Amino acid sequence: MNIFAGSPRATTQAGNTPSASRTAPSMAASESTGNPEAVSSIGADVKIVGQVISEGVVNIFGHVEGELRASSALIGDAAHFEGEIYTQELVIRGHVKGTIHATRVKLEGSAVVQGDIFHRSLAIEENAHFEGQSRRQENPTEAPSIVEKEVPELQPHTESTEA
């Protein structure tokens, strides 16, 4: 699923002439697969504190504080996200403060991002705001390996008693 392929498209309503409307890329992708359960949306009037985990697409139009894990995600124009994001594809139109781990990241013109982005591909449109560090990685969504410190072997303590 490629949420970067979204573009304005013509729609018609009963008796109306086609007009261009901006459809969320992930919504358009879900419509083409015919699987409405593939998209989860957090409305503009919703605030979530905690983890949001999905195997599909997540569209955020409200406020989220915590962690997001999904295959693809869209942070809408008026949305606010604070925390960590782990996803394959991410489109940001709103505000994000925190750390992003995504294979493909696109900051659209209305995006405001404060924090670090770990990515394989990063696209920043004109007028987008990004303050932080960008680091290219082959597998940005994988957790970094923890190097175990060598712990010295403990020798059993034996007490000798002399009689």
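Refer to the structure above for everything that follows.
All figures in this text were calculated on a predicted structure; none of them were measured in a lab.

S.K.: Describe the overall build of the protein chain, and please don't skip the residues or the numbers.
M.R.: Across its full length, the protein chain holds one helix and eleven strands. When the 163 residues of the protein chain are sorted by exposure, 36% land in the buried category. Within the protein chain, contacts between residues at least 6 apart in sequence are counted, and of these 13% link residues at least 24 apart. Surface exposure of the protein chain reaches about 10500 Å², of which carbon and sulfur atoms provide 49%.

S.K.: Describe the pairing of strand E8 (residues 95–107), naming the residues involved and giving the relevant values.
M.R.: Bridging between strand E7 (residues 80–92) and E8 involves twelve bridges; their strand directions are parallel. Across the sheet, His 80 pairs through a bridge with His 95, a residue of E8. Two elements, E8 and strand E9 (residues 112–124), share twelve bridges in a ladder whose sense is parallel. Note on E9: the bridge partner recorded for Lys 97 is Gln 114.

S.K.: Give a detailed account of the nonpolar core, specifying residues and quantitative values.
M.R.: Counting residues in each nonpolar core, the largest one holds 23 residues, and the members touching the most others are Ile 60, Leu 68, Ile 75, Ile 92 and Ile 100. For this core, the secondary structure elements donating two or more residues are strand E5 (57–60), strand E6 (63–75), E7, E8 and E9. Among residues more than four places away in sequence, those in contact with Ile 100 are Ile 85, Leu 90, Ile 92, Val 105, Val 113, Asp 116, Ile 117 and Phe 118.

S.K.: I'd love a proper account of the layout of surface pockets, names of residues and values included.
M.R.: Computed from the structure, the largest pocket encloses a volume of approximately 150 Å³. At the level of elements, E6, E7, E8 and E9 are the ones that each hand at least two residues to the lining of the largest pocket. In terms of residue class, the lining of the largest pocket is built from four nonpolar, four polar and four charged.

S.K.: Please set out the pattern of salt bridges residue by residue, giving values where relevant.
M.R.: The final tally for this structure, using the stated rule, is seven salt bridges. For Lys 47, the salt bridge goes to Glu 65, with nearest N and O atoms at 3.4 Å. One end of the pair, Lys 47, is in strand E4 (residues 47–53); the other, Glu 65, is in strand E6, with 18 residues separating them in the sequence. The exposure class of Lys 47 is exposed, given its relative accessible area of 56%. Notably, a salt bridge pairs Glu 125 with Lys 106, separated by 3.6 Å at the nearest N-O pair. Of the two residues, Glu 125 sits in the loop between E9 and strand E10 (129–131) while Lys 106 sits in strand E8, which places them 19 residues apart along the sequence. A relative accessible area of 17% means that Lys 106 is categorised as buried. Each of Arg 93, Lys 106, Glu 108 and Glu 125 takes part in salt bridges that share partners, so that together they form one network.

S.K.: Now, about the packing of aromatic side chains: what can you tell me, with residues and values included?
M.R.: Scanning the model with the defined rule gives zero aromatic pairs in all. Its guanidinium or amino end placed over the ring of Tyr 86, Arg 69 lies 4.0 Å from that ring's centre, counting from NZ or CZ.

S.K.: Residues and numbers for unusual backbone geometry, please.
M.R.: Excluding glycine, most residues fall at negative phi; most peptide bonds, likewise, are trans. Within the chain, Asn 127 stands out as a residue other than glycine whose phi angle is a positive 80°. Along the chain, the position of Asn 127 falls in the loop between E9 and E10. Asn 127 gets classed as exposed once you look at its relative accessible area, which sits at 60%.

Each value, and the rule that gives it
- Residues numbered from 1 in each chain as written.
- Predicted model: local features only at pLDDT ≥ 70, side-chain atom pairs only at ≥ 80, totals over all residues.
- Heavy atoms only, no water.
- Helix = DSSP H or I, 4+ residues; strand = E, 2+ residues; numbered from the N terminus.
- Buried < 20%, exposed > 50% of the residue type's maximum accessible area, 1.4 Å probe, protein only.
- Contact = heavy atoms within 4.5 Å.
- Areas by Shrake-Rupley, 256 points an atom, 1.4 Å probe, with all protein chains shown as cover.
- Pairing = 2+ DSSP bridges.
- Core = buried A, V, L, I, M, F, W, Y, C linked by side-chain atoms within 4.5 Å.
- 1 Å grid on protein atoms, 1.4 Å probe; cavity = no way out; pocket = protein on both sides within 12 Å on 5 of 7 lines; lining within 4 Å.
- Points joined across faces, edges and corners; volume = space filled by probe spheres on them.
- Nonpolar A, V, L, I, M, F, W, Y, C, P; charged D, E, K, R; others polar.
- Salt bridge = Lys/Arg side-chain N within 4 Å of Asp/Glu carboxyl O.
- Phe/Tyr/Trp six-rings, centres within 6.5 Å; stacked < 30°, edge-to-face > 60°.
- Lys NZ or Arg CZ within 6 Å of the ring centre and 35° of its normal.

These figures come from the coordinates and say nothing about function on their own.
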